[in-house]
Amino acid sequence: MANIVDVPVAQEKMTTLKSLDSLRDLQKSPLLFFSNLTQRYGDIVQIRIFFWPVIIINHPDYIKQVLQGNYRNYNKDVPIFNLFKPLLGNGLVTTYGGESWLQQRRLMQPAFHRQRLSDLGHQTTSSIETMFQHWERYALKHEPLDVAEEMMHLTLNIVSQALFSIDIHERANLFGEAFLEINAFLLEYFNRPFPPLNFPTPRNRRFHRALKTLNTVVYDIMKQHQQAPERHQDLLSMLIEARDEETGEGMSNQQLRDEVMTLLVAGHETAANGLAWSWYLLAEHPEVEQKLHEELDRVLAGRIPTIEDLPNLPYTRMVFEETMRLYPPVWIIMRKALDEDELGEHKIPKQTYVLWSTYAMHRHPEFWERPEQFYPEHFLPEQVAKRPRHAYIPFSHGPRICIGNNFAMVESQLILAMVAQRYRLKLVPDQKIEPQPLMTLRPKYGIQVYIEPR
Ligand code: HEM
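Parameters at a glance
Residues numbered from 1 in each chain as written. Predicted model: local features only at pLDDT ≥ 70, side-chain atom pairs only at ≥ 80, totals over all residues. Axes fitted to C-alpha atoms, helices over the stretch in contact; angles between N-to-C directions. Helix = DSSP H or I, 4+ residues; strand = E, 2+ residues; numbered from the N terminus. Parallel < 35°, antiparallel > 145°, perpendicular 65-115°, else oblique. Left-handed = near helix turned anticlockwise from the far one by under 90°. Contact = placed C-beta atoms within 7 Å. Nonpolar A, V, L, I, M, F, W, Y, C, P; charged D, E, K, R; others polar. Near = placed C-beta within 6 Å. pLDDT = per-residue confidence, 0-100. Pairing = 2+ DSSP bridges.

A. Region of the structure containing the packing of helix α10 (residues 172-191) against helix α11 (residues 202-227). Interhelical geometry of α10 versus α11 gives an angle of 140° and a closest axis separation of 9 Å. Classified by the interaxial angle, the pair formed by α10 and α11 is oblique. For α10 against α11, the interelement crossing comes out left-handed. For the pair α10 and α11, contact is made by Leu 174, Phe 175, Ala 178, Phe 179, Glu 181, Ile 182 and Phe 185 and by Arg 206, Phe 207, Ala 210, Leu 211, Thr 213, Leu 214 and Val 217, respectively. Classifying every residue of the contact of α10 with α11 by side-chain character gives eleven nonpolar, one polar and two charged.

B. Region of interest: the site of the ligand. As a matter of local geometry, the ligand sits amid 24 residues, with Gly 267, Thr 270, Cys 402, Gly 404 and Ala 408 nearest to it. Breaking the shell around the ligand down by element, the ones donating at least two residues are α13 (253-284) and α18 (405-422). In terms of residue count, the dominant contributor to the shell around the ligand is α13 (seven residues). By residue class, the composition of the shell around the ligand is 16 nonpolar, six polar and two charged.

C. View of the confidence of the model for the protein. Of the residues in the protein, 96% reach a pLDDT of 70 or more, and the chain-wide mean stands at 91. The model gives residues 12-19 a pLDDT under 50, and that stretch makes 21 contacts with residues more than four places away or in other chains. The ipTM, which scores confidence in the relative placement of chains, is 0.99 for this predicted complex, and the corresponding pTM is 0.94.

D. Main features of the sheet that holds strand β7 (residues 341-343). One open sheet accounts for three strands, arranged β1-β8-β7; its pairing is mixed. Only two strands of the sheet have a single partner each, and these edge strands are β1 (5-6) and β7.

Now the structure itself:
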């Protein structure tokens, strides 16, 4: 039997977080902090963040054990998810795990089956057409626009149509701004959790105002459905009609609110950021952009892509996969070990937190030929076959894998194909482009581009 040992504890002041310096490092640049830590200490190390002992892992085998092998032992009662409870409540993303999670997941799963995604193609292409009308003016006047913001509006429109049959177009700005405010607030609150949320400070008042804006949108969507259930055939109607097998009870209004908010948030921000980074990387790598154009022109010959075209557009998919490798929208994942476990030869005591940075895992030199480069060929089938599956985890893996992963892949490939087929996005010179790890990995100052017809 293997000799089971304790996880080594990081020794240096810089990384033990006992000194204020290291705390500042973590707050200032969490992406670099975790990458440096794994470079210095290898694939498993223990640190202390505030009061909590946390085990940082950076190896596919360890991640596999947490997400799949012994997934029942790990739940989501962890600070980074609890932080989002004021916004997402007990929706599917933030619910801890166990039976109640399984019941929620079973209720929603049918809405994400592949056959149900066929309408998604039309919803996506029609939302892109609307976006193009708006872009035409910018192209004509040669004025820049922020493509990160454009992608947010686009994916918010698509998810609200696909899952809730509503046109959020008019309110996309309002929703986007309120959401951004909450996102930034919650991260700051994580670093400085005083005074608590219920104290009427200006900062807290701003948060509650933004939350009210988002709640109004969500309750409106619910009201429309509850008043005319026969008019909708979508995920929300399924949730409204669902009854507990034993008690016959339906979902409470609060639970419905949490699920709708969760799907709106999880369903648009992630894909939007992935796409924004794709445009940035394509603009920076003309040789990749050219290959993409060549595939689109050859396969589509100018017609609008459909879901059926996607299997014939492998390079388009590889471009998006490679983008999510370098800039994984969900850049960090954390779990709590309910009971003792072993990761490789290391003992994981019960009640400890286990954390990995997907950003660091996706750049691990052992698993990637060109870890720091934008190289879509990493996703050629023969390359994928050589790698352990858990070296690439943008949607996570195992029973809690992203429920919207197929949805996101279909919508993102269609968006990439349709936009790149028609336009070239050129970066405005001399702008600062930097990843900001909030709830997802977004470009901190946006990405300003000129829209040029091809
Ligand atoms: C590129 C786009 C997306 C990325 C990178 C992404 C990533 C992820 C990841 C990594 C998780 C697991 C988090 C964890 O276990 O700690 C997750 C969960 C989830 N995602 Fe996504 N997601 C994307 C798009 C979507 C879309 C489009 C939807 C819905 C329409 C969605 C809904 C959810 C939900 C509800 C969960 C929780 C699943 C559960 O715990 O059972 N996501 N996502």
